[in-house]
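Coordinate analysis (summary)
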Amino acid sequence: MRSPVPVRLNVAIVEQLAAAVDGRRGVDAADSLCEACVTLLDVDAAAISLVFDGASTATLGCSCTLARECDELQFTLGEGPCLDSVVRRGPVSVADLADPTDLRWPLYGPAMIAMGIRGVHAIPVVVAGEYVGALDLFRRQPGPLTGDEHSGAVIAAELAGMPLLDLLDTDLKAAATDPDSNAWAELNTLSRAEVSQATGMLVAQLDVEPAEALLRLRAHAYAAGRTATDVARDILERRLTLEAD
């Protein structure tokens, strides 16, 4: 006969995760949900990534600076759990990034280990049937999620769709009722707009295609140990010029 303890624990986790977003909207709700994941799921950091056209385009919410840096690194390197989770349309879990037999992320894995992260877990975020991102959980110690922790992560990923819907709903209503509104404003502030603008500058400066310009920006960021967003800001403010070669 199954013990009723796990059932009670699951209910408690669900209730507390739901309470984290109750009465909150948008980014505030997303951040609160990520903080609740750290408290309830025995992880050290959590982030909600938005993924469009195969790229990590924004961080909807995060529990701390470390979580944001871990998420940003997926964009800089073009690989990581959130991207795989969306592509595979299912959870992606690596209990130990130091496992020599697991080479799925040749750049992201070592970079995360250097940041003190050994375990990563991603659950896709689905809105209206579309896979639009992932809930990423990061651990300093290696190890899998337990049954209750995994169940809680799945619930949290479902709840993560609510803050995104809030942003879209608010901006769409503004666009419909006020032709002078800055529709999608809050969502746009989350996106890595500086990277897109800097990529456009590099296209003109280096006479290359956009894909190559973005690749060079990311490569410079990786080599310098910086985020792509920070490098993009330097390019836009003309503190940094990439060589044509």
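Our structure's up above, just so we're on the same page.
Reference entry: report on the structure contained in this document.

Rules behind the numbers
Residues numbered from 1 in each chain as written. Predicted model: local features only at pLDDT ≥ 70, side-chain atom pairs only at ≥ 80, totals over all residues. Heavy atoms only, no water. Helix = DSSP H or I, 4+ residues; strand = E, 2+ residues; numbered from the N terminus. Buried < 20%, exposed > 50% of the residue type's maximum accessible area, 1.4 Å probe, protein only. Contact = heavy atoms within 4.5 Å. Areas by Shrake-Rupley, 256 points an atom, 1.4 Å probe, with all protein chains shown as cover. Expected span 1.5 Å × (residues − 1). Disulfide = S-S within 2.5 Å. Core = buried A, V, L, I, M, F, W, Y, C linked by side-chain atoms within 4.5 Å.

All right, on to the overall build of the chain then. Of regular secondary structure, the chain possesses eleven helices and five strands. Per-residue burial for the chain yields a buried fraction of 46% across its 245 residues. For the chain, contacts bridging at least 24 residues in sequence account for 59% of all contacts bridging at least 6. Accessible surface for the chain amounts to roughly 12,300 Å². Of this, 54% is attributable to carbon and sulfur atoms.

Here we come to helix α2 (residues 26-40). In this model, α2 (15 residues) spans 21 Å end to end at C-alpha, consistent with the 21 Å of a helix rising 1.5 Å per residue. D42 sits one or two residues past α2 and shows a positive phi near 55 degrees.

With that settled, consider the state of the cysteines. By the definition in use, this model includes zero disulfides. Counting only cysteine sulfurs, C37 is the nearest neighbor of C34, a cysteine outside any disulfide, at a range of 6.1 Å. In this structure C34 comes out as buried when scored by relative accessible area, which is 0%.

Further remarks concern the nonpolar core. If you look at the biggest cluster of nonpolar residues, it comprises 31 residues, and the most contacted ones within it are L17, L33, C37, I48, L60, L135 and L137. For this core, the secondary-structure elements that each account for two or more residues are α1 (5-21), α2, β1 (45-52), β2 (55-62), β4 (119-127), β5 (130-139), α6 (147-159) and α7 (161-177). When residues in this core are grouped by element, the largest group, six residues, is from α2. In this structure, L33 is in contact with L17, A20, V21, I48, A156, L159 and A160, ignoring residues within four places of it in sequence. One finds A45, C70, W105 and I117 within the second-largest nonpolar core, a separate group that totals 18 residues.

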